[in-house]
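The residues making up each chain are set out below.
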Amino acid sequence: MPKPIHILNGPNLNLLGQRQPEVYGSETLVDVEKWCATMAKELGLACSCLQSNHEGQLVDWIQEARQSASGIIINPGAYSHTSVAILDALNAFDGPVLEVHISNIHKREAFRHHSYVSHRADGVIAGFGTEGYALALRRMASLLG
Ligand code: CA2
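Described in the following lines is the structure provided in the data block.

Quick notes on the rules
- Residues numbered from 1 in each chain as written.
- Predicted model: local features only at pLDDT ≥ 70, side-chain atom pairs only at ≥ 80, totals over all residues.
- Heavy atoms only, no water.
- Pairing = 2+ DSSP bridges.
- Helix = DSSP H or I, 4+ residues; strand = E, 2+ residues; numbered from the N terminus.
- Axes fitted to C-alpha atoms, helices over the stretch in contact; angles between N-to-C directions.
- Contact = heavy atoms within 4.5 Å.
- Near = heavy atom within 4 Å.
- Polar contact = N/O pair within 3.5 Å; in protein donor to acceptor, adjacent residues only side chain to side chain.
- Areas by Shrake-Rupley, 256 points an atom, 1.4 Å probe, with all protein chains shown as cover.
- Nonpolar A, V, L, I, M, F, W, Y, C, P; charged D, E, K, R; others polar.

## Some words on the sheet that holds strand β3 (residues 71–75)
Paired through their backbone hydrogen bonds, the strands of a sheet run either parallel or antiparallel.
And step 1. Spatially, five strands are ordered β2-β1-β3-β4-β5 in an open sheet, and the strand pairing comes out parallel. Since the sheet does not close on itself, it has two edges, and those belong to β2 (47–51) and β5 (123–126), each with one partner. The mean angle between the axes of side-by-side strands here comes to 15°, regardless of whether they run parallel or antiparallel.
And step 2. Pairing geometry for β3 and strand β4 (residues 97–101), over three bridges, is parallel. Of the residues in β4, the one forming a bridge with Ile 74 is Glu 99.
And step 3. On top of the sheet, helix α2 (residues 29–42) reaches β1 (5–9) and β2; it is set at about 165° to β2, its chief contact.

Here it is as structure tokens:
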């Protein structure tokens, strides 16, 4: 049995669908996680979806993924732009890493244009709304062959 994909979401993404629908859409994180699980199954993958508002918790999950996951799809939220700790943890992970942003971070404020996580990511998806997670899952399936 192949190891699952970890789909990690960072701070404030638990608020999806509750505020700023013009930026982040109207689906909730629970909706997104549900269809990710269905889609992963169709692609022959298993996935586990986790969200935290805490940097250290995300670092712990990435470290645990070294043993328990075959790939990581991560939307690090605002930590994308600040967290060397998350980058370091991802650098210690051997499998594919795909970074997702619901909004197009390059069209937004300058402080969102740089992502530390992109230094490690094998691919970055931004501005495709929550569909970005589906695109990342498809890419993960082809990367894992
Ligand atoms: O576009 C993305 O996915 C982001 O990673 C989302 C982060 C933001 O800090 C990044 O620059 C880009 C923010 C997530 C906040 O999510 C909310 C969702 C609904 C309501 C309020 C916040």
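After that view of the structure, there is still more to cover.
## Structural notes on the site of the ligand
And step 1. For the ligand, the set of nearby residues contains 17 residues, the closest of which are Asn 75, His 81, Ile 102, Ser 103 and Arg 112.
And step 2. Here an oxygen atom of the ligand and a side-chain polar atom of His 81 are 2.7 Å apart.
And step 3. Between the ligand and Ser 103, the relevant distance is 2.5 Å, taken from an oxygen atom to a side-chain nitrogen or oxygen of the residue.
And step 4. Burial of the ligand by the protein amounts to 94% of the accessible area it has alone, namely 510 Å².
And step 5. Residues belonging to the shell around the ligand are distributed by class as follows: eight nonpolar, seven polar and two charged.

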